[in-house]
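Here's the letter readout for the chains.
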Amino acid sequence: MKALVYAAKGQPRLEDRPKPTILKPTDAIVKMVKTTICGTDLHIFKGDVATCDTGRILGHEGVAVVEQVGDNVGLFKPGDKVIVSCITSCTTCANCRRGMPSHCTNGGWALGNTIDGTQAEYTRIPHADGSLHLAVESASDNAQLMLSDTVPTGYECGVLQGKIKLGSTVAIVGSGPVGLGALITSQLYSPLQIIMIDLNEKRLATARSLGATHTVVSGPNVVEQVMKITGGRGVDAALEAVGIPATFELCQKLVAVGGTIANLGVHGTKVDLHLETLWDKNITITTRLVDASSTPMLIKLVESGKILPEKFATHTFAFKDIEKAYNIFGAAEAHDCLKVVIEF
């Protein structure tokens, strides 16, 4: 089969690889229908993810069709169309039973990290019963593709960790796919204001079309603009959805007394925590790796039309052109790219 491999730092490469086989009775083999590229994949190519070795098939998202299942798989059968979760969950270890499958001792973020992933024609899914979801006929493949990782990350790491509730004021720093995932799911809780902040005006236009009440182009006076919007209070929830020191520092300047900074971004370098200004503000800072435990609920929201994540997909490529897709996604702003869809 063909597979996209982390060949070396900065070098994605399409290679021939053996088709995966069932290794354990809880495995499934799926034939990929669609996959995508995540910002985390770009972090791998920058050398920011020490757990991912060169030679790894990347990718942790996808819509697929089950081709084969192990003897102990009870929820899926060959021919089922499924959403591949970015998190592999055995469902029985201590962390899974605590509601943290992201730290499953037998899985977690495994696909495209510690085991071969979904940017290939076929993928082995360990612990299939806890790591796949049946796709629904009434929603598009592109919408359901965004439920592998993008929307659950925005919701769980941003909306839930940020404690967004009725009447909250929210700033989302970063109007990329994960930031937009937080935007569309935060509206389930009727916040008073959702302020999207980004360098790219076209991304902000997309955010306005998806329900942002205010947009701010990031620049020297961004804090002043947000304070004007919030009457000088700052925001109840500042969601960092980029993963660089400057955006985390911005969130520290925007958060109101008693507010929450929720970190969604993947950080590959240290950031400064300004306790000299924050020590007395009663704030909360949260971090989280997505658990994808919300995916069944999000599938229902997509099925009913309550959220429309297919709008995140801006570019489509055939799998044979995935190296080109990496080049486009790696320079997303220059190409007005949000999320690429890779079709098999």
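Residues numbered from 1 in each chain as written. Predicted model: local features only at pLDDT ≥ 70, side-chain atom pairs only at ≥ 80, totals over all residues. Heavy atoms only, no water.

All right, on to the overall build of the protein then. A count of helical and extended segments in the protein gives 12 helices and 15 strands. A compact globule built from 344 residues would reach a C-alpha radius of gyration of about 20 Å, and the protein, at 20 Å, matches this within 12%. Buried positions account for 53% of the 344 residues belonging to the protein. Of the roughly 14400 Å² of accessible surface on the protein, a fraction of 52% belongs to carbon and sulfur atoms. (Helix = DSSP H or I, 4+ residues; strand = E, 2+ residues; numbered from the N terminus. Rg over C-alpha atoms; globule rule 2.2 N^0.38 Å. Buried < 20%, exposed > 50% of the residue type's maximum accessible area, 1.4 Å probe, protein only. Areas by Shrake-Rupley, 256 points an atom, 1.4 Å probe, with all protein chains shown as cover.)

Two strands in a sheet stick together by hydrogen bonds in their backbones, pointing the same way (parallel) or opposite ways (antiparallel). Taken in spatial order, the six strands of this open sheet run β10-β9-β8-β11-β12-β13, and their pairing is parallel. Two strands close off the open sheet at either side, each with one partner strand: β10 (214–217) and β13 (284–287). Pairwise comparison of adjacent strand axes, ignoring direction, gives a mean angle of 15 degrees for this sheet. Relative to strand β11 (residues 235–240), strand β8 (residues 169–173) runs parallel, the two being bridged by four bridges. Its bridge partner being in β11, Ile172 is matched across the sheet by Leu239. (Pairing = 2+ DSSP bridges. Axes fitted to C-alpha atoms, helices over the stretch in contact; angles between N-to-C directions.)

Turning our attention to the side chain of Gln119. Relative to the helices and strands, Gln119 is located in the loop between α2 (94–97) and β6 (122–125). For Gln119, a relative accessible area of 0% translates into the label buried. There is a polar contact of 3.2 Å between the side chain of Gln119 and the side chain of Asp41. Here Gln119 is in contact with Ala3, Leu4, Thr35, Thr36, Ile37, Asp41, Ile57, Leu58, Gly59, Phe319, Ile322 and Tyr326, once residues within four sequence places are set aside. (Polar contact = N/O pair within 3.5 Å; in protein donor to acceptor, adjacent residues only side chain to side chain. Contact = heavy atoms within 4.5 Å.)

Turning next to the packing of helix α8 (residues 222–229) against helix α9 (residues 245–254). With their axes 10 Å apart at the nearest point, α8 and α9 run at an angle of 35 degrees to one another. Crossing geometry of α8 relative to α9 is assigned as right-handed. In this structure, α8 uses Val222, Val223, Val226 and Met227 to contact α9, whose residues at the interface are Leu250, Lys253 and Leu254. Considering only residue class, the contact of α8 with α9 consists of six nonpolar, no polar and one charged. (Left-handed = near helix turned anticlockwise from the far one by under 90°. Nonpolar A, V, L, I, M, F, W, Y, C, P; charged D, E, K, R; others polar.)

Let us look at the UniProt feature "domain: Enoyl reductase (ER)" (unreviewed entry) in the protein. In the numbering used here, UniProt assigns the feature "domain: Enoyl reductase (ER)" (unreviewed entry) to residues 10–342. End C-alpha to end C-alpha, residues 10–342 measures 20 Å, and it is 27% helix and 23% strand. (UniProt positions renumbered as here; feature names shortened; annotations may be inferred.)

The next subject is a nonpolar patch on the surface. A grouping of Leu273, Leu275, Trp279 and Ile285 is seen on the molecular surface, where their side chains present a nonpolar patch of about 440 Å² in accessible area. Leu273 sits in the partly exposed class, given a relative accessible area of 42%. (Patch = residues over 30% accessible without salt bridge, like charges linked within 9 Å, V, L, I, M, F, W, Y side chains within 5 Å. Salt bridge = Lys/Arg side-chain N within 4 Å of Asp/Glu carboxyl O.)

This next bit is on the layout of surface pockets. The calculated volume of the second largest pocket comes to roughly 200 Å³. Forming the walls of the second largest pocket are 14 residues, and the residues nearest its centre are Pro18, Pro20, Thr21, Asp116 and Arg124. Tallied by class, residues from the lining of the second largest pocket come to seven nonpolar, three polar and four charged. (1 Å grid on protein atoms, 1.4 Å probe; cavity = no way out; pocket = protein on both sides within 12 Å on 5 of 7 lines; lining within 4 Å. Points joined across faces, edges and corners; volume = space filled by probe spheres on them.)

Another aspect to go through is the packing of aromatic side chains. According to the stated counting rule, one finds four aromatic pairs in the structure shown. For the ring pair Tyr155 and Tyr189, a centre distance of 6.4 Å and an interplane angle of 20 degrees mean the geometry is stacked. Within this pair, whereas Tyr155 is found in helix α5 (residues 150–160), its partner Tyr189 is found in the loop between α6 (177–186) and β9 (193–198), the two being separated by 34 residues in sequence. Accessibility expressed as a relative area gives 7% for Tyr155, which makes it buried. Over the aromatic face of Tyr122 sits the side chain of Lys19, whose NZ or CZ is 4.2 Å from the ring centroid. (Phe/Tyr/Trp six-rings, centres within 6.5 Å; stacked < 30°, edge-to-face > 60°. Lys NZ or Arg CZ within 6 Å of the ring centre and 35° of its normal.)

What follows deals with α5. Where burial is concerned, most of α5 is hidden: 10 out of the 11 residues are buried. Inspection of α5 places Thr150, Val151, Pro152, Thr153, Gly154, Tyr155, Glu156, Cys157, Gly158 and Val159 among the buried residues, and these make up the whole buried set.

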